[in-house]
Amino acid sequence: MNRSHRTRTLAVAAVVAAALVAAGCGSSSSGGSALAASAPGITKTQILIGSHQPLTGPAAPGYSEIAPASNAYFQYVNAHGGIYGRKIKYTYLDDAYDPSKTASVVRQLVLQDSVYSIFDGLGTPTHLAVVKYLNSAKVPDVFVASGCDCWNNPTTYPETFGWQLDYIREGKILGQYVKQHFAGKKIGLFFQDDEFGMDGVKGLSYEIPASQIVSKQSYVPTNVNIGPQVAALKAAGAQVVVSFAIPAFNALLKLASLKLSFSPTLVASNVGTDPITLGGLLQAFAKQAGATVNGNALTQGIITDGYLPTLGDTGNSWIALFKKVHDQYDAKAPFDGNVLYGEAVAYTFVQAMLKAGKNPTRADLTKAISGGLPQGPAVAPYDYSATDHGGMTGAFIGVIKNGVIVQQGPVLTTDTTPTGAVSPYSGTQAPAPSSGMP
Amino acid sequence: MTMTLLRHLAAAIVAGAVIWAASVQLNAFRDFQIAEIAVYVVAIAGLSVLIGLSGQISLGNGAFMAVGAYAAALLMLHLNWPAWAVFPASAAIAAVAGGVVGVAAARLSGPYLAGATLLLAVALPSLANQFPGVFGGDQGLSLTVTAPARLGATFPVTRWQAWVCSAAALIALVILANLTRSRVGRNWRAIRDDPVAAALTGLNVARLRVLAFVVSATCAGLAGAMLAFTTTLVSPGSFTLSLSIALLTGAVLGGLGTLAGALWGALVIVLVPTYVTDVATSHGLSSGVAANIPIAAYGVVLVVVMLLFPDGIQGGLRRIAGPLIPANLTRLTEPDRHRPASEQAGGLPSPDRHRPVGEHQEEGTK
């Protein structure tokens, strides 16, 4: 009797305490002021954001995994209290990598669906179709999924922010490695004939002495016959080939080199070296030509760089977090570089939204990012400020070993100027928060 | 002749009033879609006239749109020309390109012509990558379009785009409607139905074919300029082969040789993907499935329309509503298929007057 009474009292006390804690949480998340519909796309319960993505068409393989991965992370956030209690709704529409369609779907998102912000719009030519429009409509245009330096233009495009390491910095970091490790060797360049490849080559040329570069070969993504370019690299006697190419063309480069018994050391941009994607493409292309190759064997030894922790580093807290979210909300997709990218950029967006405040206007979001963001999953800090909308500032050098990228040496940071030094980053990356929320 | 012109002008004014009323009522995104529809109506009408009336095929009209779009962008960027001057100038530049291609095309027919124009669609837009200094390379040329200040600061720019593009489309359609009802239109039908008989009546078949190509390219060039004005960016990625195929699909779907059919085709191309995407995403389908549903729906619409209405949507409507509509109204914009064209052109009766369009082309290459 006495005992059961005490049990009951304890139970009641526990319930009351739990209720108080719950009430406390509730009041701390809604703070002093109540949630309000503070901007287009923001209601008391929801934050609506939109994006244009190549879900179909030539750029879809690989890239179509990015938006669902971002959405997986948003679902994780929503299940863990959301952003100040609001849930994120992410609407991403297919533009098939066609700029005319981008113009149309982004207007649909802004004018009809009234999104709060455009997030992670993918592609240089596609996003260029809407960057002026978004800025004139004063819609935040955050974390464009392209390494073009063109997003970093705060005077003309105050609403636009890049995110990933830009191709000029990436070129400089790879270029310094080549200069240091392949002194006196003959270097050949292989690059996509557009902003991506040319920015990369610009960065490389800031570091690699011009006298070492024996041949520059470019390709257009619509022409898969790159035999002539590879033959020219071989004829010039290139001992090292530095490639700024998408995965399909790195695979073609590798196979065409094999055919000509040409085996230079390959140094390649992060864009084209996700080992899972590249290995799969190598096997698929070889099969089309009636041959069998081992994708892992062919990617072995490729030198590249990374601006997010490597997928193979399973002990890394960020990889563990994103793997957990992936397994729970996006398990059908392979856990590859594209998925990691999508989740990491979504994490950055949540960081920015939390910083923008409880009842943010559109200007509060751009102001929050301009004030700088903590590093989060990126291996090097962001350079966000009132005068810089670029994004990441550095990466590490990695080598592909047995299908995973293995980090070599420290994280290196630099700027986009011809003379700015490439130097080791002295800080350390903080581990992922155990809650998984910024 | 003047009666026809007046009738077409009256129809255009009524259509203009309807579009104006709609644009004021609808939201800014729907206004943007009106502008997009106007772009496709012009492009499809030009192709439809080429295929349906002169009996030639083109898979390269997307390339002529690129010519018009780049011309418009360069004129707007470097010379600051206003839209009313840019549109005809761009159309004229595309016409010249069409004339050059047309001279070659007039010697080809059937799959050979399709192949040659296909080459154009693939090759021409990538020229922009070869001369990045002029054409901006893969990034393209970016434009700024603003509504005139006197409409007020809050006037949606998309409504202005809808007005300008609709006006341009209506003017183009009135000209096309008159052209197809004129002697030129009758002559085209004659060479389509039987080139040999048409030649025997004294028609210059080659010249008529080139002319049809020029008209078609002019329309495509105007549509390209309108597209540049609407999307405010001109880049090679907008003028892929799939654009040319979409135009052909729109023309066939709407009804070859009919201008009203061009409107149906444009409505399907612009509205079906948006509508289906909305439905697909709102039903919580997985993104891989949802992304491909608009393409599947497009295919289903194409198959169903072709099965039910081999003459396209406009042909189907005429079959259903034909008895209800006064004859002079249905004839407003359509070629009269029931009378042998060569008779209309004043020549000999065609021996196989009831054959459908296109069979001669196939026969010629067997």
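It should be emphasised that the depicted structure is a prediction, and the values quoted were computed from it without experimental measurement. Counting from 1, residues in each chain are numbered in the order their sequence is written. By the order in which they are written, chains take letters starting at A while ligands take numbers starting at 1. This being a predicted model, a pLDDT of at least 70 is required before a residue's local features are given, and a value of 80 or more before pairs of side-chain atoms are given or counted; all residues contribute to the totals for chains, interfaces and linings. Side-chain numbers here rest on the full set of heavy atoms in the structure, without hydrogens or water.

A. Spatial organisation of the confidence of the model for chain A. Residues and elements named next belong to chain A. Values of pLDDT, ranging from 0 to 100, describe the predictor's confidence in every residue of the model. For chain A, per-residue confidence averages 89 on the pLDDT scale, and 93% of positions sit at 70 or higher. Per the convention used, a helix needs a DSSP run of H or I reaching at least four residues, while a strand needs a run of E reaching at least two, with both numbered from the N terminus. Across chain A, the secondary-structure element scoring lowest on mean pLDDT is helix H1 (residues 2–30), at 48, and the one scoring highest is strand E3 (residues 117–119), at 97. Counted against residues more than four places away or in other chains, residues 16–31, with its pLDDT under 50, gives 5 contacts. Contacts were defined at the residue level, with two residues in contact if any of their heavy atoms lie within 4.5 Å.

B. Representation of the packing of helix H12 (residues 241–254) of chain B against helix H15 (residues 312–321) of chain B. All names here are of chain B. All axes here are fitted lines through C-alpha atoms, helices being fitted over the stretch that makes contact, and every angle between N-to-C directions spans 0 to 180 degrees. As a packed pair, H12 and H15 sit with axes 3 Å apart at the nearest point and diverge in direction by 5°. Looking at the two axes, H12 sits roughly parallel to H15. In this structure, H12 uses Val 252, Leu 253 and Gly 254 to contact H15, whose residues at the interface are Gly 312, Ile 313, Gln 314 and Gly 315. Here the residues of the contact of H12 with H15 are counted per class, giving 3 nonpolar, 4 polar and no charged. Convention used here: angles under 35 degrees read as roughly parallel, angles over 145 as roughly antiparallel, angles from 65 to 115 as roughly perpendicular, and any remaining angle as oblique. For this classification, the nonpolar set comprises Ala, Val, Leu, Ile, Met, Phe, Trp, Tyr, Cys and Pro, the charged set comprises Asp, Glu, Lys and Arg, and every other residue, Gly included, is treated as polar.

C. Broad picture of the pairing of strand E12 (residues 404–413) of chain A. All names here are of chain A. Examined bridge by bridge, strand E11 (residues 394–401) and E12 share 8 bridges and lie antiparallel to one another. The residue of E12 that forms the bridge with Ile 400 is Ile 405. In this description, strands pair whenever DSSP reports at least two bridges between them. Between E11 and the antiparallel strand that follows it, E12, lie 2 residues; Asn 402 among them carries a positive phi value of about 50°. Where E12 and strand E13 (residues 423–424) come together, 2 bridges link them in antiparallel fashion. Within E13, the position partnered with Thr 413 by the bridge is Ser 423.

D. View of helix H8 (residues 227–235) of chain A. Residues and elements named next belong to chain A. Taken together, the buried positions of H8 are Gln 229, Val 230 and Leu 233. Buried positions in H8, seen along its axis, are confined to an arc of 95° and lie on one side of it. Projecting away from the buried face of H8 at angles above 90 degrees are the exposed residues Pro 228 and Ala 235. Turning to H8, the residues buried within the fold contact strand E6 (187–192), strand E7 (213–219), strand E8 (240–244) and helix H9 (247–259). Gly 237 sits one or two positions beyond H8 and adopts a positive phi of about 75°. We call a residue buried when its accessible area falls under 20% of the maximum for its residue type, exposed when it is over 50%, and partly exposed in between, using a 1.4 Å probe and counting protein chains only. By construction, the arc corresponds to the directions joining the helix axis to the C-beta atoms.

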